[in-house]
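Per-entry structural report
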Amino acid sequence: MTTAIVWFRRDLRLADNPALVAAVEGHDRVIPLYVHAPDEEGEWAPGAASRWWLHHSLAALDKGLRRHRGALQIVIARKRANTGGGGTLGALREAIKATGATAVYFNLLYDPAIRKRDAQVRKALEADGIDVASFNANLWCDPWEIATKEDEPYRVFTPFWRNLRTRIDAQGPLEEPSPLRLEALATSAALDDLALLPTLDWAKGFDEWTPGEEGAHDMLSLFADDAVGHYTSGRDLPARHGTSRLSPHLHFGEISPRQVAERLRAHFARRKNVPDLEPYLRQLGWREFGHHLLWHFPDTPKKNFNTKFDAFRWEKRDAHALRRWKQGKTGIPIVDAGMRELWATGWMHNRVRMLVASLLTKNLRQHWLLGEKWFWDTLVDADLANNAMGWQWVAGSGADAAPYFRIFNPVTQSEKFDPDGAYIRRWVPELRDAPGRLVHAPWEDEKYLKASGYPPPIVDLKASREDALLAYQHSKSV
Ligand code: FAD
């Protein structure tokens, strides 16, 4: 009789889980194991909002495993000592010794610190005589499978997507294996021992989310029933649920892109009016592009992708402006609405992410790393690949980024994408009753602004835009 460990990480689902399927097919018994070792993720250990999600997602996975008369086994890795021992490797070795397991199966992650750790774990376990097998569970294609004609990584999205698009239709998801024949360790830590939940009473509004595999599929059903048909027209309107809101579920691997695409295809298979799914699939393509970039250019979360940007003169870190930006008190309504939505729900609409990032990096000329870090701590979908790509895209320093001189005007953007101010009114109660255009630019009526209790703008949008363009011209000339 052989036993294998399935090392769960951010693949917190039972269906379409290649590591789990392979372990069940190859062994008589399977130990579903989660090793808690956030230190091994270095400065990109999960932020506070991600920890909240992780807690609930692990609980959901455990519930799923209990349907198969087992339970998620949790080990808290001891800090790694200089002499070896400890860490994830130590935890896996102890589990192997205690259970006689002969193999470890896991699904790949692409964050640089995790890749390095995984390579060390694999090498050491193989040297111990353990079979180690890893799989791609969370992307359509591993980042090294796609290359330009010159065999280079892609740096521009459209040709990347054209290439990827030819590979995705044939890929159907895997079924949940059954029966699972699960085994337990002699002792498992309790989920609460991981202390993932915030001690502050901050995450109350996160209750609108249902982390876990079931929650992910429910969210996809809502999207399929309602919004996907209007995705092109609805995806830029923050007041509507016009997008899928699958980002945290995808990040934690509670659902895979293969499952999403297959489910949408199946949903419309027998209908006459099939909406165009391409624009939505293309957004999933951006997610793959982010992972492609992170794999080939692992410094992107910290360094300008476009090194010409190294000469750009950012303003000195402005603690006051940064605090007002984080608190949603910049006096620019659409920006404050976004920052307050983020604080209250752990999520922000994509269009508004672009606007808040533009205000920070262009009008306030604060380094994109400062915004990236705040998002890392507060987004439930904080994802190293997508977050780095998003911030560098807006800042203008990224691969295939928006040109620097295209500086968003938050007032015209707000008028275009939140025309009646419904989104602003929801998140900025001071402006709930603002008449007409004032909801977008309340400073245009000083008397109204004073009475509303809403702050004046932190920055002059026009002058700061010109300053930013001058700074950009200067950096190009050095
Ligand atoms: P949908 O529109 O329904 O799209 C479906 C899926 O496609 C998303 O769940 C996501 O996985 C992927 N996707 C969509 N747009 C993008 C995009 N522009 N880049 C990469 N993937 C995309 N996304 C994250 O998942 N984590 C982050 O940490 C993150 N940080 C960002 C920071 C900035 C400054 C910006 C501008 C964007 C960031 N994004 C990030 C991308 C995007 O905003 C979110 O993926 C999207 O808002 C999630 O909502 P949704 O699931 O409803 O998206």
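Residues numbered from 1 in each chain as written. Predicted model: local features only at pLDDT ≥ 70, side-chain atom pairs only at ≥ 80, totals over all residues. Heavy atoms only, no water.

Structural notes on the packing of aromatic side chains
Where two aromatic rings form a pair, the distance of their centres and the angle of their planes describe that pair. Which entries qualify depends on this criterion: Between rings of Phe, Tyr and Trp, where Trp is taken as its six-membered ring, a pair exists when centres lie within 6.5 Å; planes separated by under 30 degrees are stacked, by over 60 edge-to-face, and by other angles tilted. What counts as a helix is a DSSP run of H or I of at least four residues, what counts as a strand is a run of E of at least two, and both are numbered from the N terminus. For every residue, the accessible area (1.4 Å probe, protein chains only) is compared with the maximum for its type, and the residue is labelled buried under 20%, exposed over 50%, or partly exposed between those bounds.
What the rule picks out here adds up to 34 aromatic pairs. Each ring, one from F157 and one from F160, has its centre 6.5 Å from the other, and the planes form 40 degrees; the classification is tilted. Pair noted here: F157 and F160 are both in helix 5 (residues 157–165), with a separation of three residues, about one helical turn. For the pair F157 and F160, a shared accessibility class is recorded, and that class is buried. Between F309 and Y472, the aromatic rings sit 6.2 Å apart at their centres with planes inclined by 35 degrees, giving tilted as the arrangement. Highlighted residues: F309 in the loop between helix 10 (278–296) and helix 11 (319–327) and Y472 in helix 19 (residues 461–477), separated in sequence by 163 residues. The class for Y472 is buried, based on a relative accessible area of 15%.

Re the sheet that holds strand 1 (residues 3–8)
Convention followed: Here the rule is simple: two strands pair whenever DSSP picks up at least two bridges between them. Between N-to-C directions, angles span 0 to 180 degrees; the directions come from axes that are lines fitted to C-alpha atoms, helices contributing only their stretch in contact. The criterion used for residue contact is that any of the two residues' heavy atoms lie within 4.5 Å.
Across the sheet, five strands lie side by side as 3-2-1-4-5; this open sheet has parallel pairing. Pairing within the sheet leaves two strands with one partner each, and these edge strands are strand 3 (73–76) and strand 5 (131–135). Sheet twist, expressed as the mean angle between neighbouring strand axes with direction ignored, is 25 degrees. Two strands pair when backbone bridges link them, and strand 4 (residues 103–107) and strand 5 are joined in this way by five bridges, in the parallel orientation. Bridge pairing in strand 5 links A103 to D131. Packing against the sheet, helix 4 (residues 112–127) makes contact with strand 1, strand 4 and strand 5, and its axis sits at approximately 150 degrees to strand 5.

Notes on the site of the ligand
To keep it simple, the criterion reads: Only a single heavy atom is needed: when it lies within 4 Å of a molecule or strand, its residue is near that molecule or strand. Polar contact is the term for a pair of N or O atoms within 3.5 Å; when the atoms are in protein, one must be able to donate a hydrogen and the other to accept it, and sequence-neighboring residues count only if both atoms are side-chain atoms. For the accessible areas, the method is Shrake-Rupley and the probe is 1.4 Å, while residue cover comes only from the protein chains on display. As defined here, a cavity is a set of points on a 1 Å grid over the protein atoms alone where a 1.4 Å probe fits but cannot get out. A pocket is an open set with protein on both sides within 12 Å along at least five of seven lines, and residues line them when an atom is within 4 Å of a point. Occupancy of a cavity or pocket is assigned to a molecule whenever over half of its atoms lie within 2 Å of that pocket's grid points.
Y231, T243, S244, R245 and N350 are the nearest of the 26 residues found near the ligand. Within the backbone of R245, an N or O atom sits 2.6 Å from an oxygen atom of the ligand. For the ligand, an oxygen atom lies 2.7 Å from a polar atom in the side chain of N350. Taken by itself the ligand offers 820 Å² of open surface, and the protein chains cover 95% of this. Spatially, the ligand is embedded in the largest pocket.

Looking at the pairing of strand 2 (residues 29–36)
Put simply, the rule reads: Handedness rule for crossovers: strands pointing away from the viewer, path from the first strand over the helix to the second running clockwise, crossover right-handed.
In terms of burial, strand 2 is a largely internal element, seven of the eight residues being buried. Here six bridges tie strand 1 to strand 2, and the two strands are oriented parallel to one another. Residue pairing across strands places W7 opposite L33, the latter belonging to strand 2. Chirality of the crossover, the property in question, places the unit of strand 1, helix 1 (residues 18–26) and strand 2 among those that are right-handed. Bridge count for strand 2 against strand 3 is four bridges, and the pairing is parallel. The residue of strand 3 that forms the bridge with V35 is V75. Regarding topology, helix 2 (residues 48–66) serves as the crossover connection from strand 2 to the parallel strand 3, and that connection is right-handed.

Brief notes about the environment of E145
Relative to the helices and strands, E145 is located in the loop between strand 5 and helix 5. C-alpha separation for the pair E145 and K447, spaced 302 residues apart in sequence, amounts to 60 Å. Setting aside residues no more than four positions away along its own chain, E145 makes contact with N136 and R167. Within polar-contact distance, the side chain of E145 engages the backbone nitrogen of D142 at 2.6 Å.

Brief notes about the packing of helix 14 (residues 368–378) against helix 15 (residues 384–395)
Going by this rule: Should the near helix be turned anticlockwise from the far one by less than a right angle, the crossing is left-handed, and should it be turned clockwise, the crossing is right-handed. Each residue gets one of three labels, nonpolar for Ala, Val, Leu, Ile, Met, Phe, Trp, Tyr, Cys and Pro, charged for Asp, Glu, Lys and Arg, and polar for the others, Gly among them.
Interaxial distance between helix 14 and helix 15 falls to 10 Å at its minimum, and their mutual angle equals 145 degrees. By crossing handedness, the relation of helix 14 to helix 15 is classed as right-handed. Residues W368, G371, E372, F375 and W376 of helix 14 form the contact with helix 15, whose own contacting residues are L384, N387, A388, W391, Q392 and A395. Grouping the amino acids of the contact of helix 14 with helix 15 by side-chain chemistry returns seven nonpolar, three polar and one charged.

Quick look at the layout of surface pockets
The test is simple: Grid points are joined across faces, edges and corners, and a volume is the space filled by probe spheres set on the points. Start and end points for every domain follow an automatic or database-based domain assignment.
Approximately 1100 Å³ is the volume attributed to the largest pocket. If you trace the largest pocket, you find 34 residues lining it, with R235, Q283, W286, N350 and N386 closest to the centre. Contributing elements (two or more residues each) for the lining of the largest pocket: helix 8 (247–251), helix 10, helix 13 (350–363) and helix 15. Here the lining of the largest pocket gets seven residues from one element, more than from any other, and that element is helix 15. Its residues placed into classes, the lining of the largest pocket shows 16 nonpolar, ten polar and eight charged. Each of domain 2 (138–172 + 213–296) and domain 3 (307–477) gives at least three residues to the lining of the largest pocket. Its volume calculated, the second largest pocket comes out at about 380 Å³. Forming the walls of the second largest pocket are 28 residues, and the residues nearest its centre are Y34, P38, E41, P46 and L54. Elements with a minimum of two residues in the lining of the second largest pocket: strand 1, strand 2, helix 2 and helix 4. Residues of the lining of the second largest pocket, tallied by class, amount to 18 nonpolar, four polar and six charged.

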